[in-house]
Amino acid sequence: MRTLIKMLLVSMIFVGLTGCLAGTNKTSDEPVVATAGATESFEEFVPYTEFDDIAVPNELSRVPDQSYVAEDQAFKYGKIVLKGRVENQSLIDFFVNQMAKDNWTKERSITSTVSTLSFTKPYKSCTVRIFDGSYNTEVEIYAVEMKSDSMPSSGGMQEQNIQ
C-alpha cells in the first residue's frame, strides 16, 4: 500500500512538472521578430500636446477646464494640466528622457513634493511642474514658442566675436 501511494505521489509530481514545462516552452518555428516588433511599437507611441515636440505619458488625463493654448502673430503659448495615478519620480524620468529625445535641453530641475523641470530649445521654452498628491499626481506644462514670422532676420543684430 505504501509503495502504491509513493508511486502515485511521484507520478503526480512528474505530471505536474511536465505540464508546467510544456506550457512555458515555445517552439522555434515562432518568429522572434513579431514579438519584438509589437513591444517596440507599443513603446514608441507617446501622445503629444498641441506643441508638436512636447509629449505626455499615456497614464495621465487632460484637465480641459484648467488647460489652454493660445496663439497670436508672434507666439504660441499655453498651460496644459494633466492628472493621473503616476509616481512623481516616474514622471520626472519620463519628461527628462522624452524631452531629450525631442532635442530639448534641460536647464534646471527641483525635485520635491512639487517638482519643477525647465527645458529650452531655440525660440522655445517649457516648464513642467509635478505636484505629488496622495491620490492623484497633477502635472502642469507651461510652454512658449516664438513663431517663425517673428524670429529675427539676418538683417538685424548679429553676434560678433571681438578680439
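Conventions adopted
- Residues numbered from 1 in each chain as written.
- Predicted model: local features only at pLDDT ≥ 70, side-chain atom pairs only at ≥ 80, totals over all residues.
- Heavy atoms only, no water.
- Helix = DSSP H or I, 4+ residues; strand = E, 2+ residues; numbered from the N terminus.
- Contact = heavy atoms within 4.5 Å.
- Phe/Tyr/Trp six-rings, centres within 6.5 Å; stacked < 30°, edge-to-face > 60°.
- Lys NZ or Arg CZ within 6 Å of the ring centre and 35° of its normal.
- Patch = residues over 30% accessible without salt bridge, like charges linked within 9 Å, V, L, I, M, F, W, Y side chains within 5 Å.
- Areas by Shrake-Rupley, 256 points an atom, 1.4 Å probe, with all protein chains shown as cover.
- Salt bridge = Lys/Arg side-chain N within 4 Å of Asp/Glu carboxyl O.
- Buried < 20%, exposed > 50% of the residue type's maximum accessible area, 1.4 Å probe, protein only.
- Pairing = 2+ DSSP bridges.
- pLDDT = per-residue confidence, 0-100.

A word on the environment of W104. Along the chain, W104 turns up in the loop between helix 3 (88-101) and strand 4 (105-110). When the C-alpha atoms of W104 and C126 are compared, they prove to be 8.9 Å apart, with 22 residues separating the residues in sequence. Those residues within four positions of W104 in sequence are excluded, and the remaining contacts are D53, I54, M99, F119, T120, K121, K124, S125 and C126.

Turning our attention to unusual backbone geometry. Leave glycine aside and you will find that most residues have negative phi; peptide bonds, for their part, are mostly trans. Despite not being glycine, N103 shows a phi value in the positive range, around 65°. Of note, Y123 is a non-glycine position whose phi angle comes to about 65°, a positive value. With respect to the element layout, Y123 can be found in the loop between strand 5 (114-121) and strand 6 (124-132).

Counted according to the given criterion, the structure contains one aromatic pair. Ring geometry for F94 versus F95: centroids 5.3 Å apart, planes at 85°, classification edge-to-face. Geometry around F51 places K76 over its ring, the cationic atom sitting 5.1 Å from the centre.

On to a nonpolar patch on the surface, then. The grouping of Y68, F75, Y77 and V144 at the surface amounts to a nonpolar patch, some 340 Å² of accessible area in total. Within the secondary structure layout, Y77 lies in strand 3 (residues 75-84). Taking relative accessible area as the criterion, Y77 reaches 32% and is therefore assigned partly exposed.

With respect to the helices and strands, T49 occurs in the loop between helix 2 (32-44) and strand 1 (61-62). Here T49 falls in the buried class, since its relative accessible area comes to 14%. Non-local contacts of T49, meaning those with residues more than four positions away in its chain, are made with I54, V56 and I80.

Across the 10 residues of strand 3, seven count as buried, placing the element largely inside the fold. The pairing of strand 1 with strand 3 spans two bridges and is classified as antiparallel. Across the sheet, residue R62 finds its bridge partner in strand 3, namely L82. Where strand 2 (residues 68-71) lies against strand 3, four bridges are found, and the strand directions are antiparallel. Opposite V69, over in strand 3, you have G78 as the bridge partner.

Considering every residue of the protein chain, the mean pLDDT works out to 77; 63% of them sit at 70 or more. Note on residues 17-42: pLDDT is under 50 here. Beyond four places in sequence and across chains, it has zero contacts.

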